[in-house]
Amino acid sequence: MLAIGLIVIATAAALGGFSAWAASSSTTITTMSVLGADLALSPLHFFGAGAAAVLLLWLGFRLTVAGTKRKAAQRRELRDLRKVEAARPQPERERDDLGLNARGSTPTERPGGPPS
């Protein structure tokens, strides 16, 4: 999300800069050639492009903030889980790693007899 947010912000900044440049050059219909296509744009079109740029800028910032918060929450949860694991006594961790219960037998064994 962070990368997408930064891409959207860059796109919005480029679109906003282009719109500001084009709107300041004339108040009449402006004809431009963009990527081989001729566009005839009025100041209203430029206003719409500016509004779209602001909307994209806002969306980019929201995506960036959401991605940052999500990653921070994941790191916080991982840190907390590591603290809890480190606080457990060593024998209990070894028993869990081996898959044994508190009495030292596996969960499929019956007390006093062979596994069924």
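Cut-off values and rules
Residues numbered from 1 in each chain as written. Predicted model: local features only at pLDDT ≥ 70, side-chain atom pairs only at ≥ 80, totals over all residues. Heavy atoms only, no water. Helix = DSSP H or I, 4+ residues; strand = E, 2+ residues; numbered from the N terminus. Contact = heavy atoms within 4.5 Å. Areas by Shrake-Rupley, 256 points an atom, 1.4 Å probe, with all protein chains shown as cover. Expected span 1.5 Å × (residues − 1). Buried < 20%, exposed > 50% of the residue type's maximum accessible area, 1.4 Å probe, protein only. Pairing = 2+ DSSP bridges. Patch = residues over 30% accessible without salt bridge, like charges linked within 9 Å, V, L, I, M, F, W, Y side chains within 5 Å. Salt bridge = Lys/Arg side-chain N within 4 Å of Asp/Glu carboxyl O. Lys, Arg positive; Asp, Glu negative; His and termini not counted. Charge placed at Lys NZ, Arg CZ, Asp CG, Glu CD. pLDDT = per-residue confidence, 0-100.

1. Quick notes on the overall build of the protein
Now for step 1: Across its full length, the protein holds three helices and two strands.
Now for step 2: Along the protein, helices and strands appear, N-terminal first, in the series α-β-β-α-α.
Now for step 3: When contacts within the protein are restricted to residue pairs at least 6 apart in sequence, long-range pairs at least 24 apart make up 47% of them.
Now for step 4: If you sum the accessible surface of the protein, you get close to 8800 Å²; carbon and sulfur atoms cover 66% of it.

2. Re helix α2 (residues 43-87)
Now for step 1: Spanning 45 residues, α2 covers 66 Å between terminal C-alpha atoms, matching the ideal 66 Å at 1.5 Å per step.
Now for step 2: Every buried residue of α2 is accounted for by Phe46, Ala53, Gly60, Thr64 and Gly67.

3. Thoughts on the pairing of strand β1 (residues 30-34)
Now for step 1: In this sheet, strand β2 (residues 37-41) lies alongside β1 in antiparallel orientation, the contact comprising five bridges. Each residue of the ladder has a partner; that of Thr30, found in β2, is Leu41.

4. Description of a positive patch on the surface
Now for step 1: A cluster of like positive charges, contributed by Arg70, Lys71, Arg75, Arg76, Arg79 and Lys83, occupies part of the molecular surface.
Now for step 2: Mapped onto the elements, Arg75 comes out in helix α2.
Now for step 3: A residue is classified by how much of its surface remains accessible, and Arg75, at 54% relative accessible area, is exposed.

5. Section: the side chain of Thr64
Now for step 1: Relative to the assigned elements, Thr64 resides in helix α2.
Now for step 2: If near-sequence neighbours (up to four positions away) are discounted, Thr64 is found in contact with Leu2, Gly5, Leu6 and Ile9.

6. Observations regarding the environment of Leu15
Now for step 1: Along the chain, Leu15 turns up in helix α1 (residues 2-25).
Now for step 2: On the accessibility criterion, Leu15 (29% relative accessible area) is partly exposed.
Now for step 3: Placed 41 residues apart in sequence, Leu15 and Leu56 show a C-alpha to C-alpha distance of 9.3 Å.
Now for step 4: Excluding anything up to four places from it in sequence, Leu15 contacts Ala49, Ala53 and Leu56.

7. Structural notes on a nonpolar patch on the surface
Now for step 1: A contiguous nonpolar surface patch, about 540 Å² in accessible area, is contributed by Phe18, Trp21, Val34, Leu35 and Leu39.
Now for step 2: Within the secondary structure, Phe18 sits in helix α1.
Now for step 3: Taking the relative accessible area as the measure of exposure, Phe18 reaches 33% and is therefore partly exposed.

8. Digging into the confidence of the model for the protein
Now for step 1: Mean pLDDT over the protein stands at 78; residues scoring 70 or higher make up 75%.
Now for step 2: Taking the mean pLDDT of every element in the protein, the minimum, 69, falls on helix α3 (residues 90-98) and the maximum, 88, on α2.

9. Examining the environment of Ile7
Now for step 1: The residue Ile7 is located in helix α1 in this model.
Now for step 2: Residue classification places Ile7 among the exposed residues on the basis of a relative accessible area of 56%.
Now for step 3: Spatially, the C-alpha atoms of Ile7 and Gly60 are 7.5 Å apart, while their sequence positions differ by 53 residues.

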